[in-house]
Amino acid sequence: MRVISKQLTLFFFCWFSAAVIFAQEKKVTAKVKQDTVKKDTTVLKRKAIKAPVGSKSDLPKKRTYSKIINDSSKNVYGPKTTRWITETDLFYNKTYYKPLDTAVNNFHRWTYVQRLNNTVQDLGNMGTALNPIFPLVSTTIGANPGFHAYDAYYDTQEPHYYDSKSPYTRVYLVWAGNGRAMSHIEFTRAINSRWNFGFNYRPILVDKQLQYRRADRQTVSHYYDIFTTYKSKNSRYLLVLNYRRIRHRIRENGGVRLTTDTTFAAFFNPNAAPTLTGTETEELRHNFHVLQSYKLAKPVQLYLSSTYEIRDNIFRRDRTDLASNFFKQTLIDSIKGTDVMEFRSFENEVGVKGNAAFLFYDFYFKSRAIQNRIPLLNGFDPRASSSLIENYVGGRIAFRIDSLSELRGSAELLLDGNYKLEGTLTTPWLDASLISSLAKPGYLQRAYRGSHNYWLNNFENTFSNQLKGFLKVRWGNLFVSPGVTYAVLNNYIFFREFNSGLLPVQSTGNQQIFSPELHLSLKFFRRLYFKPQVTYTQLWKNDDSAIRIPEWFVNSQLYYENILFDKNLQLQFGLDVHYKSSYLALAYAPDIQSYYLQDKRIIEGFPVVDIFVNAKIKGGRLFIKYHNAWQIGKSTGYLLTYGYPAMSNILDFGFEIPLFD
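Residues numbered from 1 in each chain as written. Predicted model: local features only at pLDDT ≥ 70, side-chain atom pairs only at ≥ 80, totals over all residues. Heavy atoms only, no water.

1. Quick notes on the overall build of the chain
Part 1 of the reasoning: Assigned secondary structure in the chain consists of five helices and 37 strands.
Part 2 of the reasoning: For the chain, with 661 residues in total, the buried portion stands at 47%.
Part 3 of the reasoning: When contacts within the chain are restricted to residue pairs at least 6 apart in sequence, those whose partners lie at least 24 apart make up 64%.
Part 4 of the reasoning: Of the roughly 33,700 Å² that the chain leaves accessible, carbon and sulfur atoms contribute 59%. (Helix = DSSP H or I, 4+ residues; strand = E, 2+ residues; numbered from the N terminus. Buried < 20%, exposed > 50% of the residue type's maximum accessible area, 1.4 Å probe, protein only. Contact = heavy atoms within 4.5 Å. Areas by Shrake-Rupley, 256 points an atom, 1.4 Å probe, with all protein chains shown as cover.)

So, in structure tokens, the structure goes:
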């Protein structure tokens, strides 16, 4: 706590300094207003002259009638008067606020698996643990908790900041079959022309799908945030602030319990029972973030970015679940076992940035105070409770070639040797990116002790390189984008099952992943659209068989779109298809909230076909989707993760209503 206390002292000092500047500005503004009022009063006194008797002022005035304008029939506020921007754009001194998204494209893709373009696997139900199909390069090079199964439910919800001419409210509701529901309520309003405030609330409430009973929840997730932006009168001082919290709880079922029948059809038996009945996982996060910047001149701005984060990952289990033999070993046999890992970090980044013509630059120094605690590891390893300070130096650069082309780059060095390099190029005919990192292993992978697992490791830093490039060619109604992704991983860390249980393993070799890809969009017969995406993956090298990726990965849409009834209705309906070829998909361990390699069963390829209707009626949007139509009349479906049947054919419905007053 001493380490974080020092960081908090620095933070509150900077915050107090900003408050003093703000207060001084208000005093000066008040004095100017007071002087202006005095001058205006003097002028009025000088001009006050009595009208002579018998003048026109004494004559009866002609009666006039007020002209009442009925403006209630038309609302002048809407998507064009409410615009948004991200903190990244504000940081890069971009002043263009984007209009609200009112497009119907992909509006029916409401689950996180589909939102992420099917590039992740889950446990067959909305809100369950996620894992990327294609390995991701770590962008956090310093200490990290090592838990990632619920990252997407938090990371994809970063608040937007608004320039709203009127109060803006957005209500988004999904009522899906078998008790699956998700909502999003967003509100923002301008306090004045320089100060905006808002909040978001996103609950996810999903019933169990194995032995389904109404209101018997598997997923209970509540996310909310509060955000504000403030800009001084002279636009020199900028404040961006938000507080975010999520509590994501899952009642784990361990997949289908297989007894005498171990065939593939057994996973889809209507009477199939779950393996676990008293197990729960939870992730709790609090995040307080503030960005302050002060413009000395257009080429020179000083800024301070501060973030305080709390993360708790929790596993709870009843003793009744021990009889299932789901867990290979039991180290702590209590009536109610609870495993907790607590992670705390406080980060301050101070730097100088600015614009010179078409060039943006940024140089910074960053300090992170970190604490990690594993209560059940006390007495087994000194890392049961550890704290450290990490110091970084880095920089960012962006060169705007023209209004459609931009080159960005960034470099960050952790002063103990780790680093991260990133670069992106965006043009009308080419998109390319490069990322290279040398990152620390997560705390979970290095040392852990819980009810069912125990390990102590001295892993090396992980090294990753990834290069992407996509050409973009448009020829009339045809758009073609061929490209390739090439990744090299060294010291890759993964989980593997052994007779005694699960253990993290560090590869002694390397992995090379080569994935050519094709995106295509074709408009034909005036109203029909065909949009396939095909990825073919080859593992040029895969030491220790550490990587499991399907050879073929396909997303495709075929739909009709039209605007009807004097442009009051935009309608889109068609098919959404996803397919992965057969491969050894990873299995899931709820006690460590991690996916691991399994060799028990190949997950067969299965075409997931959704029939959807998307519509926009004036400002509101809605969708109706029949999910997994391919399973109609079939006795079996498909698996995304070994042991967990995915959602069967079912009807989903959702809508969004924006309000601007």
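2. Things to note about the packing of aromatic side chains
Part 1 of the reasoning: What the rule picks out here adds up to 40 aromatic pairs.
Part 2 of the reasoning: Aromatic ring contacts, followed pair by pair, group Y161, Y162, Y168, F227 and F660 into a single cluster.
Part 3 of the reasoning: The aromatic ring of Y154 is capped on one face by R244, whose charged end is 4.0 Å from the ring centroid.
Part 4 of the reasoning: Over the ring of Y392 we find K366; its NZ or CZ atom is 4.7 Å from the centre of that ring. (Phe/Tyr/Trp six-rings, centres within 6.5 Å; stacked < 30°, edge-to-face > 60°. Lys NZ or Arg CZ within 6 Å of the ring centre and 35° of its normal.)

3. Observations regarding the sheet that holds strand 5 (residues 161–164)
Part 1 of the reasoning: Pairing is antiparallel across the open sheet formed by three strands, whose spatial order is 2-1-5. Each having just a single partner strand, strand 2 (98–99) and strand 5 make up the two edges of the open sheet.
Part 2 of the reasoning: Looking at chain direction, strand 1 (residues 82–85) and strand 2 are connected through two bridges and run antiparallel. By the bridge assignment, R83 is partnered in strand 2 with P99. (Pairing = 2+ DSSP bridges.)

4. Digging into the pairing of strand 10 (residues 237–252)
Part 1 of the reasoning: For strand 10, the tally of buried residues reaches 12 of 16 residues, placing the bulk of the element in the interior.
Part 2 of the reasoning: Alignment of strand 9 (residues 217–231) against strand 10, held across 13 bridges, turns out to be antiparallel. Across the sheet, Y230 pairs through a bridge with L239, a residue of strand 10.
Part 3 of the reasoning: Linking strand 9 back to strand 10 in an antiparallel pair, the connection comprises five residues, with S235 at a positive phi of about 65°.
Part 4 of the reasoning: The pairing of strand 10 with strand 11 (residues 279–297) spans 16 bridges and is antiparallel. Each bridged residue has a counterpart across the sheet, and for R245 the counterpart in strand 11 is H286.

5. A short note on a nonpolar patch on the surface
Part 1 of the reasoning: On the surface, a nonpolar cluster with roughly 570 Å² of combined accessible area is contributed by I185, I191, W195, F197, F199, Y201 and I226.
Part 2 of the reasoning: Those elements that place two or more of their residues in the nonpolar patch are strand 7 (180–192) and strand 8 (195–207). (Patch = residues over 30% accessible without salt bridge, like charges linked within 9 Å, V, L, I, M, F, W, Y side chains within 5 Å. Salt bridge = Lys/Arg side-chain N within 4 Å of Asp/Glu carboxyl O.)

6. Things to note about the pattern of salt bridges
Part 1 of the reasoning: Following the criterion strictly, the structure yields 39 salt bridges and no others.
Part 2 of the reasoning: Between K98 and D89 there is a salt bridge, and its shortest N-O distance comes to 2.5 Å.
Part 3 of the reasoning: Given a relative accessible area of 25%, K98 falls into the partly exposed group.
Part 4 of the reasoning: Its relative accessible area of 12% is what places D89 among the buried residues.
Part 5 of the reasoning: A salt bridge links D155 to R285, with the nearest nitrogen and oxygen atoms 3.9 Å apart.

7. What to know about the pairing of strand 27 (residues 528–536)
Part 1 of the reasoning: Here strand 26 (residues 510–524) pairs with strand 27 via six bridges, running antiparallel. Looking at strand 27, one finds that L518 is bridged to V534.
Part 2 of the reasoning: Connecting the antiparallel pair strand 26 and strand 27 is a turn made up of three residues, with F525 showing a positive phi of about 50°.
Part 3 of the reasoning: In terms of strand pairing, strand 27 meets strand 29 (residues 552–564) through nine bridges, oriented antiparallel. Bridged to F530 within strand 29 is L558.

8. Digging into the confidence of the model for the chain
Part 1 of the reasoning: When pLDDT is averaged across the chain, the result is 89; 89% of the residues are at 70 or more.
Part 2 of the reasoning: Note on residues 8–14: pLDDT is under 50 here. Beyond four places in sequence and across chains, it has nine contacts.
Part 3 of the reasoning: Every residue in residues 16–72 is under pLDDT 50, and counting partners more than four places away or in other chains gives 10 contacts. (pLDDT = per-residue confidence, 0-100.)

9. Quick notes on a positive patch on the surface
Part 1 of the reasoning: Residues K231, R236, K295 and K298 make up a contiguous surface patch of positive charge.
Part 2 of the reasoning: Since its relative accessible area comes to 30%, K295 is described here as partly exposed. (Lys, Arg positive; Asp, Glu negative; His and termini not counted. Charge placed at Lys NZ, Arg CZ, Asp CG, Glu CD.)

10. A few points about the side chain of R368
Part 1 of the reasoning: Mapped onto the secondary structure, R368 falls in strand 14 (residues 359–373).
Part 2 of the reasoning: Looking at R368, the relative accessible area reads 9%, which means it is buried.
Part 3 of the reasoning: Here the side chain of R368 touches A143 through a polar contact of 3.2 Å, landing on its backbone oxygen.
Part 4 of the reasoning: R368 has contacts with G142, A143, F343, S345, F346, E347, L388, I389, E390 and Y392, leaving out every residue within four places of it along the chain. (Polar contact = N/O pair within 3.5 Å; in protein donor to acceptor, adjacent residues only side chain to side chain.)

11. Section: unusual backbone geometry
Part 1 of the reasoning: A positive phi angle, near 60°, is found at N93, a position not held by glycine.
Part 2 of the reasoning: By the secondary structure assignment, N93 is in the loop between helix 2 (87–91) and strand 2.
Part 3 of the reasoning: In this structure, K567 is a non-glycine residue whose phi angle is positive, near 65°.
Part 4 of the reasoning: As for its placement among the helices and strands, K567 is situated in the loop between strand 29 and strand 30 (569–580).

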